[in-house]
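# Observations on the model geometry
This is what each chain is made of:
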Amino acid sequence: MRITDIITTPVEIRYRPEYQADKRYYPKAPEQTNVIVEIQTDGGVVGIGEAAHSPGVYGETAWATIAAIEYLAPHLIGQDPQQITRLNMALDRHSPVGNIAAKAGLDMALYDAAGKILGVPVYQLLGGRVHQSLRTHISPATYEDTTSDMNALMEQGYRAFKQKMSGDTDYDIALVNSILDQIPEDVVLSIDVNQGWSVNQTLDIVGVFERRKRFPRNLILEQPIDGYDLAGAAEIRRATRIPIMLDDGIRTVSDLRNVLDARAADIVSLKISRVGGIQRCLQMIKMAEAANTAYIVDEINEMRVANTAVAHLALASKYPIYTGVCCHLLLEQDIVTGGGVWVENGSAFVNDNPGLGIDGLDLTKVRATHGTP
Ligand SMILES: [Mg+2]
């Protein structure tokens, strides 16, 4: 079977109102545009993928992704989509730097197509299922409603939360203390600063949490400082027993190698959408395992298509401490008409259908029209 064409569709995604008014350091727009990638073949199989964007983390926009895919498509058309490694090599050769979202969307669509051709789910292509389901974290609603929303989510079975920080020390300390007062010790709270604090500010703040009446064993400190300041992260790590998770500065295999070499993280957050695809993310998972470093398999501004790919990879991984596949639940619309990842009792599941196991897409209502180049 050969690839005959690659279709890109920009899709507007909008967070539900209660998730729009975040007072967060990381600049996230209430709405943004992702790109659905469809790899067509002469056998009638269509592989689907999603290029998810986070301009505030890796700088690409949907329109840059569409241009990159147009540039890369001639190197895939006419080729066998089952040759995922060889086609990833072609993408890297023609675009060695950047275009992370474009490569992730293409790689995801190759896996979906290959799974459909072979009649196996994507997790099977990744070495097979290790977990039937996996705990997922979720972000609660805006700051004013954080604690009541967390209570509702805990009643639904969620046992891991991610809370964005604002960068304002007093505000962040008060918020984290109020959450820690409320959640039981077996519920994990990662506080994601998205590079918003300095090293000294971080040392002051973690000192406050360490001196709580009861040491917060369920707290994870995510990316407090500049993503590339590994010496700073290692210094913070040595100064506190609260685990440090690094995230925003891990975009390439070299980035991860530097983090591991510097012993700068207790946990690394690995994201298909931010490292250029399933295959590269799998490689990075193996690197973390080889370095005895804990990891999560996570998401970034994703709809259900990319969230499903994350779930397949997480369920085929040895030791993820949890995964992140709930972003699509925070959006106003779902383009997936059936199948794909689902969350039950706070854990992620996928079906056993071929490829990503997504039955169909409805792109008619959410096709992005503004800002077209
Ligand atoms: Mg993060």
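Above this text is the structure in question.
Residues numbered from 1 in each chain as written. Predicted model: local features only at pLDDT ≥ 70, side-chain atom pairs only at ≥ 80, totals over all residues.

### Description of the overall build of the protein
Along its length, the protein carries 13 helices and 14 strands. The C-alpha atoms of the protein give a radius of gyration of 20 Å, which matches the 21 Å a tight globule of 373 residues would have. The C-alpha extent of the protein, read off along each of the three principal axes, is 65 × 40 × 40 Å. Taking all 373 residues of the protein together, 49% fall into the buried category. Long-range contacts, defined here as pairs at least 24 residues apart, represent 73% of the contacts in the protein between residues at least 6 apart. (Helix = DSSP H or I, 4+ residues; strand = E, 2+ residues; numbered from the N terminus. Rg over C-alpha atoms; globule rule 2.2 N^0.38 Å. Buried ≥ 20, exposed ≤ 12 C-beta atoms within 10 Å, placed from the backbone. Contact = placed C-beta atoms within 7 Å.)

### Remarks on the environment of Ile321
By secondary structure assignment, the location of Ile321 is in the loop between α13 (304-315) and β11 (336-339). Overall, the presence of 17 C-beta atoms within 10 Å leaves Ile321 in the partly exposed class. Separated by 201 residues in the primary sequence, Ile321 and Val120 have C-alpha atoms spaced 26 Å apart. Non-local contacts of Ile321, meaning those with residues more than four positions away in its chain, are made with Ile267, Ala294 and Ile296.

### Here we look at the nonpolar core
One finds Val37, Val268, Ile272 and Leu313 to be the most contacted residues of the largest nonpolar core, which totals 108 residues. The element that contributes the greatest number of residues to this core is helix α4 (residues 100-118), accounting for eleven residues. Each of domain 1 (3-120) and domain 2 (125-355) gives at least three residues to this core. Excluding residues within four positions of it along the chain, Ile272 makes contact with Ala104, Met108, Gly277, Ile278, Cys281, Ala306, Ala309, Val310 and Leu313. (Core = buried A, V, L, I, M, F, W, Y, C linked by C-beta atoms within 7 Å. Domains from an automatic or database assignment.)

### Some remarks on the packing of helix α7 (residues 169-182) against helix α8 (residues 199-210)
Two elements in contact, α7 and α8, have axes whose closest approach is 11 Å; the angle formed by their N-to-C orientations is 25 degrees. Considered as vectors, α7 and α8 are oriented roughly parallel to each other. By crossing handedness, the relation of α7 to α8 is classed as right-handed. Residues Thr169, Asp172, Ile173 and Val176 of α7 touch α8, and the partners they reach there are Gln201, Ile205, Val208 and Phe209. Split by residue class, the contact of α7 with α8 holds five nonpolar, two polar and one charged. (Axes fitted to C-alpha atoms, helices over the stretch in contact; angles between N-to-C directions. Parallel < 35°, antiparallel > 145°, perpendicular 65-115°, else oblique. Left-handed = near helix turned anticlockwise from the far one by under 90°. Nonpolar A, V, L, I, M, F, W, Y, C, P; charged D, E, K, R; others polar.)

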